[in-house]
Amino acid sequence: MFLTRAGAKFEEPPKEQTEWKRANFQCRLPESVDCPILSTLFLQHNFQLRAIPDSFLEGMPALRVLDLSMTSIKQLPPSLCRLKNLRGLYLRKCSLLVTLPPEIGSLESLEVLVVTGIRYLPKEIGELGRLRHLRVSFSRERDGGMEHEVQRMIPDEGISRLTHLEDLSIEIDMEDERWNEIVEAVMEEIGALKELYRLDFCFSSVEHLKHFINISRPWNRGLLKLFRFRTLSKLLSLEELRIAGSSNTLNIWEFNLSLTPPLLGNLRRLILQDCSKLKYVFPRGALPHVPNLDLVSVSDCKDVEQIIVGEVTNNTLKNLSVISLEGLDKPDCICEGVISWPSLKIIYIDGCVKLRRLPFGTDSAPSLETIYCKKEWWDSLEWEDDATRNRFQSFFTPLR
């Protein structure tokens, strides 16, 4: 057992339990304790802990943080309902925990709930009116593969009643058929949340993703600052991705880079407009995952610093035929080095005040037809050498 009291460490607990403020037990729990000022209780990483005595939490009315992560408990004790001041409850990787008890609804001050690997949430989850951060993951099987009675993973109005929710993460087993039965209803509930700024969610189809974007209040009001998503159906058929007027988009590739094959492997047209938080169009490692891109258009994305980050090769964007950059204030180059651009036909650049170099060598862009830009910008370009400048001069078409 490890204890702290006002920053001092103890090898053994003080005789007066009433003086405990923080405690970290790594031993068998007593039936009850009297700790009226205890604010933090750490029981995590204690795989030998299989049960919490029913009355164990009754003497801890001031408890604010309780961490039971990575223990072998099968259920939470009834005395949980006594923790009226609890702010944070952490239940990561409690592999034998099937669900939360009805007493969870009594935690009227709870703001953070993290629970992973359970089968379902109880209906009382909707009573946590002050909850701001909910991170939950669901497992499909228990007891060596034996299925329990089928339970709805998230109860009706279990999310929509959490009106102050700011951060929501829901992870599921991709093979859990229960998700397909409720995903539309859960989407609708999430879409109605007014204070949500962070969401991690799994959509059953591309159509669900599109519908959510259309109906989501946080998305349409620019409140959603971080949006990470996965889909159960591959996006391999998606040929055009258009994101416009988003103040939330930071990295459009994060979900795609972690999957094999990539979800957007067949993408042909990428159109980004007025994505005010986007810094890199293609962050490091993104290009090999979109080999079929034919058109890239980026406009009025004021925070974009660079178009392509990282090393480029002769196969980079080998199918790209059109690139359009407009109203980008920060980038001074499209990428580092020279690209062959074997299929490039049209370049359109306007309002990119710091852009001074094009990634061309004398042998680049053998299929090029036109470069549209303003004459003063064209005249200010820096070239690898005079031969390269002369090679591309004939493609210049001035914008008015």
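Per chain, the residues get numbers from 1 upward, laid out in the order the sequence is written. In view of the model being predicted, local features appear only for residues whose pLDDT reaches at least 70, and side-chain atom pairs are presented and counted only at 80 or more, with totals across whole chains, interfaces and linings using the full set of residues. Hydrogen atoms and water are omitted, and side-chain values are computed over all heavy atoms in the structure.

If you check an unreviewed UniProt entry, the chain appears there as Disease resistance protein RPS5 from Acorus calamus.

A. Broad picture of the overall build of the chain. Within the chain, the regular secondary structure consists of 6 helices and 20 strands. Within the chain, residue pairs in contact and separated by at least 24 positions form 61% of the contacts whose partners lie at least 6 positions apart. When the accessible surface of the chain is summed, it comes to about 19400 Å², and 47% of that surface belongs to carbon and sulfur atoms. To qualify as a helix, a DSSP run of H or I must reach at least 4 residues; to qualify as a strand, a run of E must reach at least 2; elements of each kind are numbered from the N terminus. Two residues qualify as a contact provided that any one of their heavy atoms is within 4.5 Å of a heavy atom in the partner residue. Areas reported as accessible are Shrake-Rupley estimates using a 1.4 Å probe. Residue values count occlusion only from the protein chains shown.

B. Quick peek at the sheet that holds strand 18 (residues 346-350). One open sheet holds the 7 strands; their spatial order is 12-13-15-17-18-19-20, and the pairing between them is parallel. Bordering the open sheet on either side are strand 12 (240-244) and strand 20 (396-398), each of which pairs with just one other strand. On average, each strand axis in the sheet is tilted by 10 degrees relative to the strand beside it, whichever way the strands run. Two strands pair under a simple rule: DSSP has to find at least two bridges between them. In the sheet, strand 17 (residues 322-326) pairs with strand 18 via 5 bridges, with the strands oriented parallel. Looking at the pairing, Val 322 lines up with Ile 346 of strand 18. Between N-to-C directions, angles cover 0 to 180 degrees, with each direction set by a line fitted to C-alpha atoms, over the stretch in contact for helices.

C. Spotlight on the state of the cysteines. Cysteine sulfur atoms are paired as a disulfide whenever they come within 2.5 Å of each other. Taken as a whole and judged by the stated rule, the model has 0 disulfides. Its sulfur unpaired, Cys 333 is 6.6 Å from the next cysteine sulfur, which belongs to Cys 335. On the accessibility criterion, Cys 333 (3% relative accessible area) is buried. When accessible area is computed with a 1.4 Å probe and restricted to protein chains, residues below 20% of their type maximum are described as buried, those above 50% as exposed, and intermediate ones as partly exposed.

D. Just the side chain of Ser 324, in detail. On the secondary structure map, Ser 324 appears in strand 17. Apart from the residues lying within four places of it in its own chain, the contact partners of Ser 324 are Val 296, Ser 297, Val 298 and Tyr 348.

E. Inspection of the pattern of salt bridges at higher detail. Between Lys or Arg on one side and Asp or Glu on the other, a salt bridge is scored when a side-chain nitrogen of the former is within 4 Å of a carboxyl oxygen of the latter. For the structure shown, the criterion picks out 14 salt bridges. Here Glu 166 and Arg 132 are joined by a salt bridge, their closest N and O atoms 2.8 Å apart. On the criterion of sequence distance, the pair formed by Glu 166 in the loop between strand 8 (133-138) and strand 9 (167-171) and Arg 132 in the loop between strand 7 (112-118) and strand 8 is long-range, its members being 34 residues apart. Exposure remark for Arg 132: the relative accessible area of 28% places this residue in the partly exposed category. Note that Asp 167 and Arg 198 form a salt bridge whose closest N and O atoms lie 3.9 Å from each other. On the criterion of sequence distance, the pair formed by Asp 167 in strand 9 and Arg 198 in strand 10 (residues 198-203) is long-range, its members being 31 residues apart. It is possible to trace a salt-bridge network through shared partners that takes in Arg 132, Glu 166 and Glu 195.

F. Representation of the environment of Tyr 280. By secondary structure assignment, the location of Tyr 280 is in strand 14 (residues 280-282). Here Tyr 280 is in contact with Glu 305, Gln 306 and Val 309, once residues within four sequence places are set aside. Within the structure, Tyr 280 has its side chain in polar contact with the side chain of Glu 305 (distance 3.5 Å). Residues adjacent in sequence count toward polar contacts only when both atoms are side-chain atoms; beyond that, a polar contact is any pair of N or O atoms within 3.5 Å, and within protein one must be able to donate a hydrogen and the other to accept it.

G. A look at the packing of helix 1 (residues 178-191) against helix 2 (residues 206-215). Contact geometry of helix 1 with helix 2 gives a least axis separation of 9 Å together with a crossing angle of 25 degrees. Viewed along their axes, helix 1 and helix 2 adopt a mutual orientation that is roughly parallel. When you trace helix 1 past helix 2, the crossing you get is right-handed. Contact with helix 1, carried on its side by Val 183, Glu 184, Met 187, Glu 188, Ile 190 and Gly 191, involves His 208, His 211, Phe 212 and Ile 215 of helix 2 and no other residues of that element. Here the nonpolar group is Ala, Val, Leu, Ile, Met, Phe, Trp, Tyr, Cys and Pro; Asp, Glu, Lys and Arg are the charged ones; every other residue, Gly included, is treated as polar. Here the contact of helix 1 with helix 2 is built from residues that sort into 5 nonpolar, 3 polar and 2 charged. Should an angle fall under 35 degrees it is taken as roughly parallel, and over 145 as roughly antiparallel, whereas 65 to 115 is taken as roughly perpendicular and any remaining angle as oblique. Here a crossing is called left-handed whenever its near helix is offset anticlockwise from the far helix by less than a right angle, and right-handed whenever the offset is clockwise.

H. Structural view of the confidence of the model for the chain. Across the chain, the average pLDDT comes to 83, with 83% of residues at 70 or higher. A low-confidence stretch, residues 1-16 stays under pLDDT 50, and its non-local contacts, those more than four residues away or across chains, total 25 contacts. Values of pLDDT, ranging from 0 to 100, describe the predictor's confidence in every residue of the model. Here residues 255-260 is a poorly scored stretch, pLDDT under 50, and it has 13 contacts once near neighbours within four places are set aside; other chains count.

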